[in-house]
Structures are given as C-alpha cells and as structure tokens.
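Residue-level structure breakdown
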Amino acid sequence: MHILVTGGAGFIGSHIVEHHLKRGDTVHVIDDLSTGNLANLAAFEENSNFAFDHGDITTWSGLAGAVKEAQRIYNMAAVVGMFRVLEQPVEVTRVNTVGCERLLQAVAEAGHRPQVVLPSSSSVYGPAKYDDLHENANIVVSPDAPLLNYALSKLSNEVQGRAYAQTYDIPVVIARLFNTIGLRQSGQYGFVVPRFVQQALSGQSLTVFGDGLQTRSFCDVRDTVAILDALASTPAAYGQVVNVGNTQEISILELAESIRKAAGSASPLTFTPYEEAYGQDFAQIPQRRPILDRLFDLTGDQHRWPLATTIVDLCAHYRLHAESQQQAPPSPAPATV
Ligand code: UDP
C-alpha cells in the first residue's frame with residue numbers, strides 16, 4: 001500500500017511511518033519541520049520505500065501529485081502542544097484548518113478515493129466530565145473553553161472531513177485522539193510525560209502544574225498507530241468520529257510518582273499555578289478518560305502497551321541516550337583558515 005503522511009516528521013506521524021514501513025508499505029512524508037524533526041525520521045532515510053519532501057501543507061505545490069499516488073493519507077500536519085497553541089494562535093487556524101481543507105480538496109479532485117485518517121482531539125470535549133466523553137455527547141463551546149482556538153480547529157477538521165466524505169464519497173475516518181505518549185515526543189511544547197521523564201533522569205524538579213489532582217489517560221503511541229491503521233481498514237468506520245486513547249486513568253501526581261520510581265530518581269516536585277505555567281489563566285481540564293465503546297465495536301481492543309511499560313521504556317531509552325551523549329568523543333574543533 002502507498003501511504004502519504006502529512007506532518008510525518010512529528011511525534012505521532014513518525015510512528016505511523018515506522019508502522020507502515022515495518023509492514024512493507026511505501027511511505028511518503030511531507031513536513032514543514034516547524035515542530036517536526038528530521039531526526040525523528042533518521043532511521044528510515046536509507047529505506048527505499050521511504051520518501052520525504054519539505055513542504056508546508058497550506059502551500060506545497062506537490063500536494064495534488066502526492067495525493068494522486070496515495071492509497072491512504074494520514075493528515076498529521078497540525079500545530080499542537082499547549083505552549084505552542086497559546087503562543088501561535090494564527091498558526092493554529094492556518095495550519096490546522098486551512099491545511100486540512102486544502103488536503104481534502106486535493107483528494108476530491110484526485111480521481112480516486114484514498115482512505116483518509118483525520119486526527120481530531122479530546123480537546124473538542126472542553127472541560128466535560130467522564131460520562132460525556134463519548135462521541136455523541138453535545139459539545140458545548142463556551143467562550144471560556146480551554147484552548148478554544150485549538151479545540152475549534154479540530155472540531156472544524158471533523159466537520160470538514162464529514163462534509164467531504166458525504167459529498168465526494170471519500171472513506172474518511174475521524175479519530176478523536178486523547179493523550180498520546182511515547183518515544184520522540186518532545187517536552188518542549190508542554191507535554192507532561194517527556195517533561196517529567198527528562199526532569200526525573202536529570203535530577204531536576206518535576207514541574208507539577210496546578211495541584212496535580214487533574215487526571216489524564218495516556219495511550220502508548222504504538223497502540224495509537226495500530227488503532228488508526230485498524231480503523232482505516234474498517235469500512236464501517238468511514239464517515240464516523242471515533243475516540244482513540246486508553247482508559248487507564250491517572251492523576252498527574254500519581255504520574256510524577258510512577259516516573260520518579262521508574263527513573264530511580266529523588267527529584268523533588270514543585271507546584272506551579274496554571275497561570276504561571278501557561279502565562280494566562282484558563283479553566284484547566286480536570287479529568288480525561290475516553291469512552292471507547294465505539295472503537296471496540298469497530299476494531300476490538302487493540303491495546304498492547306500499559307502505562308507502566310511505556311514509562312519504563314521511556315526512562316530506559318532516555319537514560320541510554322544521555323549516557324551515549326556523555327560518552328561520545330568531543331566534536332572536532334572547526335578547522336581554522
Ligand atoms: N502538566 C504538568 N507539568 C508539566 C506539563 C504539564 O503538570 O510540566 C500537566 C498539564 O497542566 C495537564 C497535564 O499535565 O494538566 C497534561 O498535560 P499535557 O500538556 O501533556 O496534555 P493536555 O493538557 O493536552 O491533556
């Protein structure tokens with residue numbers, strides 16, 4: 001199968017690339033490298049089934065051609081991460097909404113009907129509590145909703161996806177992704193797990209935002225990509241919105257403890273008010289645990305990686321990485337002329 005991954009140099013995108021190359025598929029990535037990183041794709045560079053183009057999804061001239069060749073498209077090009085979303089609100093609308101529209105238009109004009117996976121986000125639920133985290137819940141958008149611009153850009157992707165699916169008979173799957181974690185996720189844009197792992201391993205304080213009693217449910221990215229693949233291969237999922245995540249819920253304080261334990265770290269915890277952490281006050285989301293009935297009805301339970309295993313894997317990886325960097329010989333001094 002020939003796969004196109006927009007935003008394929010990012011965290012989840014690079015795992016989609018890895019998943020499909022392992023299956024023997026050919027994979028074409030386009031990425032503007034704004035938050036994505038070529039280092040995320042370094043392991044695949046020599047693979048003859050892999051191709052990369054540097055391009056912005058809203059302007060790249062090769063998009064129509066790339067779409068014509070694809071049998072499946074994952075649209076992972078998006079502005080994500082709390083810090084970046086808060087700092088760059090125009091980019092959120094431009095990349096997330098305009099980029100998705102341009103991609104769907106190219107699919108509509110392609111002359112064939114590739115499968116399209118559109119990632120949405122649990123942020124569309126706003127501050128809703130557990131009972132309302134199912135796909136048919138009313139989504140009430142208040143002007144004070146946390147990260148309204150990001151949530152609306154993702155809700156807009158859902159509406160765009162369903163509109164194109166209905167009008168052009170495109171097999172579109174819309175995945176509402178809940179918190180996703182794993183290798184290659186950067187803590188730079190705010191994501192809690194890579195931040196805590198690196199803080200714990202380097203002996204720095206773990207920066208708990210708020211009182212740490214807020215809960216999240218973290219899904220290993222290896223499960224996420226297997227689930228997205230399964231959904232895209234399931235005709236009953238076409239045209240549907242489906243929650244994708246893990247139901248194992250944990251408070252941020254418990255998460256900090258587990259990571260400290262797995263890292264063998266004595267790092268203290270510091271508590272930072274949200275306002276200080278994010279530079280502005282907004283209603284934090286107190287709880288997130290997906291209801292996965294629809295997903296399980298469509299694909300069965302594909303989860304293989306419990307949180308404890310992911311945390312141990314991440315600690316082992318970053319510890320090894322830090323050691324190999326320490327042992328690396330110093331870079332040669334630049335030649336003088
Ligand atoms: N968080 C934290 N310390 C950090 C980064 C994040 O306590 O250094 C908190 C954050 O306020 C939120 C939770 O961890 O309550 C998950 O944050 P993340 O940005 O990973 O995902 P999201 O907020 O989108 O669920």
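Residues numbered from 1 in each chain as written. Predicted model: local features only at pLDDT ≥ 70, side-chain atom pairs only at ≥ 80, totals over all residues. Heavy atoms only, no water.

Inspection of the region around the ligand gives 17 residues, with Arg 195, Thr 207, Phe 209, Arg 216 and Tyr 278 positioned closest. Contact between the ligand and Asn 179: an oxygen atom at 2.9 Å from a side-chain N or O atom of the residue. The backbone of Val 192 places a nitrogen or oxygen atom 2.9 Å from an oxygen atom of the ligand. Its free accessible area being 520 Å², the ligand has 93% of it covered by the protein chains. The set of elements that each furnish at least two residues to the shell around the ligand consists of helix 6 (192-201), strand 8 (206-209) and helix 9 (274-278). Residues of the shell around the ligand, tallied by class, amount to nine nonpolar, five polar and three charged. (Near = heavy atom within 4 Å. Polar contact = N/O pair within 3.5 Å; in protein donor to acceptor, adjacent residues only side chain to side chain. Areas by Shrake-Rupley, 256 points an atom, 1.4 Å probe, with all protein chains shown as cover. Helix = DSSP H or I, 4+ residues; strand = E, 2+ residues; numbered from the N terminus. Nonpolar A, V, L, I, M, F, W, Y, C, P; charged D, E, K, R; others polar.)

On to the packing of helix 4 (residues 89-108) against helix 5 (residues 148-168). Where helix 4 contacts helix 5, the two axes come as close as 9 Å, and the packing angle between them is 10°. Judged by the inter-axis angle, helix 4 sits roughly parallel to helix 5. Residue-level contacts link Pro 89, Val 92, Asn 96, Thr 97, Cys 100, Glu 101, Leu 104, Gln 105 and Ala 108 of helix 4 to Asn 149, Tyr 150, Ser 153, Lys 154, Ser 156, Asn 157, Gln 160, Gly 161, Tyr 164 and Tyr 168 of helix 5. For the contact of helix 4 with helix 5, the per-class residue count stands at eight nonpolar, nine polar and two charged. (Axes fitted to C-alpha atoms, helices over the stretch in contact; angles between N-to-C directions. Parallel < 35°, antiparallel > 145°, perpendicular 65-115°, else oblique. Contact = heavy atoms within 4.5 Å.)

A word on helix 1 (residues 11-22). In this model helix 1 runs 17 Å from its N-terminal to its C-terminal C-alpha over 12 residues, within 8% of the 16 Å that 1.5 Å per residue would give. A large share of helix 1 lies buried, amounting to nine of its 12 residues. Those residues of helix 1 that fall on the buried side of the exposure criterion are Phe 11, Ile 12, Gly 13, Ser 14, His 15, Ile 16, Val 17, His 20 and Leu 21. Within two residues after helix 1, Gly 24 carries a phi angle of roughly 90°, on the positive side. (Expected span 1.5 Å × (residues − 1). Buried < 20%, exposed > 50% of the residue type's maximum accessible area, 1.4 Å probe, protein only.)

On to the pairing of strand 8. Across the two faces of strand 8 the burial is the same, with Leu 206 and Val 208 and Thr 207 and Phe 209 all buried. Where strand 8 lies against strand 13 (residues 269-272), four bridges are found, and the strand directions are parallel. Each bridged residue has a counterpart across the sheet, and for Leu 206 the counterpart in strand 13 is Leu 269. (Pairing = 2+ DSSP bridges.)

By the secondary structure assignment, Thr 272 is in strand 13. Take Thr 272: its relative accessible area is 15%, and that puts it in the buried class. Once residues lying within four places of it in the same chain are set aside, the contact partners of Thr 272 are Val 208, Phe 209, Gly 210 and Ala 277.

Glancing now at unusual backbone geometry. Positive phi, normally seen in glycine, also occurs at Leu 33, with a value near 60°. Mapping Leu 33 onto the fold places it in the loop between strand 2 (26-31) and strand 3 (50-54). For Leu 33, a relative accessible area of 25% corresponds to the partly exposed category.

Let us look at the sheet that holds strand 5 (residues 115-121). As summarised here, the arrangement of the seven strands in space is 3-2-1-4-5-6-11, forming an open sheet in which the pairing is parallel. Strands at the two margins of the open sheet, each flanked by one partner only, are strand 3 and strand 11 (241-244). Here the average twist between neighbouring strands, direction ignored, is 20°. Summarising the sheet, strand 5 and strand 6 (residues 172-177) pair through six bridges and their orientation is parallel. Looking at strand 6, one finds that Ser 121 is bridged to Leu 177.

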